[in-house]
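Coordinate inspection notes
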Amino acid sequence: MISQPALIPVFGHAWAQRLLQSAVLSGRASHAYLFAGPDQIGKTTLARAFAQALTCHSPRPAENGLGACGQCRSCRLAASGSHPDHRLIEPEGDQLKIEQMRDLIREATLSPIEGRYKIFIIRRFDFANIHAANALLKTLEEPSDSTRILLTSGQGALLPTITSRCQVLNLRTLPLPTLAAALHTGWQAPPEQAELLARLSGGRLGWAVQMLAQPANWQARHDRLHALLELTRQRPVERLTFAAGLAKSNNSEETLHDWLLWWRDVLLVQHACDHLIVNLDQRQQLHTLAAATLPGEVRRFIEALIAASQHLRQNVNTQLALEALLLKMPAAT
Ligand SMILES: [Zn+2]
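Sequence order as written defines residue numbering, which begins from 1 separately in each chain. Residues qualify for local features only when their pLDDT is at least 70, as the model is predicted, and side-chain atom pairs are given and counted only at 80 or more; totals for whole chains, interfaces and linings, by contrast, use all residues. In computing side-chain properties, one takes all heavy atoms of the structure into account and sets aside hydrogens as well as water.

Thoughts on the overall build of the protein chain
Along its length, the protein chain carries 15 helices and five strands. Counting only C-alpha atoms, the protein chain reaches 70 × 50 × 30 Å along its principal axes. Split into buried and exposed, the 333 residues of the protein chain put 47% on the buried side. Residue contacts follow a heavy-atom distance rule, with two residues in contact if any of their heavy atoms lie within 4.5 Å. The contacts of the protein chain with a sequence gap of at least 6 include a subset with a gap of at least 24, amounting to 73%. Split by element, the accessible area of the protein chain, about 16900 Å² in all, is 53% carbon and sulfur. Per the convention used, a helix needs a DSSP run of H or I reaching at least four residues, while a strand needs a run of E reaching at least two, with both numbered from the N terminus. Burial status follows relative accessibility: with a 1.4 Å probe on protein chains alone, a residue under 20% of its type maximum counts as buried, one over 50% as exposed, and anything between as partly exposed. Each accessible area value is a Shrake-Rupley result obtained with a 1.4 Å probe; residue values ignore everything except the protein chains displayed when judging cover.

Written as structure tokens, this is what we have:
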């Protein structure tokens, strides 16, 4: 009896899958790859699937995936996250440290246990401090035949000396239909929920899966939207109190992101573009607010939201920025 293949599933990024599969099948994978792109779009998953295919004992051409057979011992170990030649290195706190790179360099000198390669997946290399980046550089400059290094990075700047030694794959967010289909087939989300999550996630599968897995996240979103509706009916003094509370919390960026999607939806409803809204489950509230506010002031508030989000990222006085923003929020009349 043939058992179910143990493949690390990858959704989307079809061009990258094809490119990596051909590297696997030709046996000519580069020494280092950089998977770059926005957060939570599946960069590490793609790197793990690539590692699985690179160490597979009998890779084969496939329409989807990276060519791993999913049956051999190596594939099974990779799928369960216990392959002795695959090492996942992640930032400690908000930094990748030189000690972590030194451990890697030491380990890279050892021969692989299972097969041809020892593979190091280093997550968020944009979090590497300068010492860690320089330490890795030496390994990238003099790669050993049996070592492959897969870096992932957000959109932070990396040293050109690093990127020039890697094959760079610039990944994007997933198209919404691809993402909705993935949530439905891969995580059994009902179609309506899959569609809503796809839109809310802005094409980030990892974010959507996290939402799906944790009901507390739904409740948090619900609470944030409820607070938002209250605010549209509140007086300046109450808004300022809210701003002070939000400034002290650690979810101001998330809140502003929700608001941005929300007010964009209000504007879309005002322009009779309902089919484009993100918050599909809040249609009624969106219509109520669209009727109670003016498109001009909604548009101005959206601009203020974008500016405030940028300010928060630049570590300005958070409370001041939020107070100014809250006073500009349209009132439901
Ligand atoms: Zn295999």
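What about helix α4 (residues 98–108)?
Residue pairs spaced three or four apart in an α-helix point in one direction, given the helix's 3.6 residues per turn. Every buried residue of α4 is accounted for by Gln100, Met101, Leu104, Glu107 and Ala108. Along the axis of α4, the buried residues cluster in a sector spanning 125°; they form a single face. Close packing links the buried residues of α4 with β2 (86–89), β3 (118–122), α5 (130–141) and β4 (147–153). Regarding the arc, it is the one traced by the directions from the helix axis to the C-beta atoms.

Details of the sheet that holds strand β5 (residues 167–170)
Strand pairing in a sheet relies on backbone hydrogen bonds. The paired strands run either parallel or antiparallel. Here a strand pair is declared whenever DSSP counts at least two bridges between the two strands. The strand order β2-β3-β4-β1-β5 describes an open sheet built from five strands, whose pairing is parallel. The open sheet has two edge strands with one neighbour each: β2 and β5. Put simply, the sheet's adjacent strands are angled 15° from each other on average, direction ignored. Looking at chain direction, strand β1 (residues 32–36) and β4 are connected through five bridges and run parallel. Across the sheet, the residue bridging to phenylalanine 35 is threonine 152, located in β4. The axes are straight lines fitted to the C-alpha atoms, using for helices just the contacting stretch, and the angles between their N-to-C directions are given from 0 to 180°. Against the sheet, helix α1 (residues 14–26) engages β1 and β5, with an angle of about 155° to β5. Set on the sheet, helix α2 (residues 43–55) makes contact with β1, β2, β3 and β4; between it and β4 the angle comes to about 165°.

Some thoughts on the coordination of the zinc ion
Put simply, a metal with four donors set out as a tetrahedron has ideal angles of 109.5 degrees, and one with six donors set out as an octahedron has ideal angles of 90 or 180 degrees. Counted as donors are N, O and S atoms no farther than 2.8 Å from the metal, or 3.2 Å for Na, K and Ca; water is not among the atoms, and sites may therefore look incomplete. Protein coordination at the zinc ion: the donors are Cys56 (SG), Cys69 (SG), Cys72 (SG) and Cys75 (SG), at 2.3 Å from the metal. A four-donor site is called tetrahedral if each angle lies between 85 and 135 degrees; a four-donor site is square planar, and a six-donor site octahedral, when trans pairs exceed 155 degrees and the remaining angles lie between 65 and 115; all other cases are labelled irregular. For the zinc ion, the four donor atoms in the first shell make angles of 101 to 120° at the metal, so the coordination geometry reads as tetrahedral. Site description for the zinc ion: donor spacing in sequence, C-x12-C-x2-C-x2-C. In this pair, cysteine 56 sits in the loop between α2 and α3 (73–79) while cysteine 72 sits in the loop between α2 and α3, placing the two residues 16 residues apart along the sequence.

Structural notes on the packing of helix α9 (residues 205–213) against helix α10 (residues 215–231)
Two elements in contact, α9 and α10, have axes whose closest approach is 5 Å; the angle formed by their N-to-C orientations is 100°. Our classification of the angle between α9 and α10 gives roughly perpendicular. Contact with α9, carried on its side by Gln210, Met211 and Ala213, involves Pro215, Asn217, Trp218 and Arg221 of α10 and no other residues of that element. In terms of residue class, the contact of α9 with α10 is built from four nonpolar, two polar and one charged. For classification purposes, an angle smaller than 35 degrees is called roughly parallel, one larger than 145 roughly antiparallel, one from 65 to 115 roughly perpendicular, and anything else oblique. Three categories are distinguished: nonpolar for Ala, Val, Leu, Ile, Met, Phe, Trp, Tyr, Cys and Pro, charged for Asp, Glu, Lys and Arg, and polar for the others, with Gly belonging to the last.

A short note on the pattern of salt bridges
Here, a salt bridge means any side-chain nitrogen of Lys or Arg that lies within 4 Å of a carboxyl oxygen of Asp or Glu. Counting across every chain of the model gives 17 salt bridges. Residue aspartate 274 pairs with arginine 283 through a salt bridge whose shortest N-O separation is 3.9 Å. Via salt bridges that share partners, Asp39, Arg124 and Asp126 belong to a single interconnected network.

A look at the environment of serine 111
In this structure, serine 111 sits in the loop between α4 and β3. Here serine 111 falls in the exposed class, since its relative accessible area comes to 57%. Expressed as a C-alpha distance, the spacing of serine 111 and aspartate 85, which sit 26 residues apart in the sequence, is 9.0 Å.

Remarks on the domain arrangement of the protein chain
Start and end points for every domain follow an automatic or database-based domain assignment. Each assigned domain of the protein chain is listed here: domain 1 (14–170) and domain 2 (214–328). Each of domain 1 and domain 2 has a C-alpha centre, and the two are 39 Å apart.

Regarding α9
Taken residue by residue, α9 has Leu205, Trp207, Ala208, Val209 and Met211 as its buried positions. For α9, the secondary structure elements touched by its buried residues are α7 (176–187), α8 (191–201) and α10.

Describing unusual backbone geometry
The backbone of glutamine 40 shows a phi angle near 60°, a positive value even though the residue is not glycine. Turning to its location among the elements, glutamine 40 is positioned in the loop between β1 and α2. Not every positive phi belongs to a glycine, and glutamine 188 is a case in point at roughly 55°. Structurally, glutamine 188 can be placed in the loop between α7 and α8. Look at glutamine 188 and you get exposed, because its relative accessible area is 61%.

Observations concerning the packing of aromatic side chains
Planes of paired rings set the category: under 30 degrees apart is stacked, over 60 is edge-to-face and the rest tilted, where pairs are Phe, Tyr or Trp rings (Trp by its six-membered ring) whose centres lie within 6.5 Å. For the structure on display, the rule yields four aromatic pairs. When the ring of phenylalanine 11 is compared with that of tryptophan 187, the centres are 5.5 Å apart and the planes differ by 50°; the resulting orientation is tilted. Remark: tryptophan 187 occurs in helix α7 and phenylalanine 11 occurs in the segment before α1; sequence separation between them is 176 residues. A relative accessible area of 22% means that phenylalanine 11 is categorised as partly exposed.

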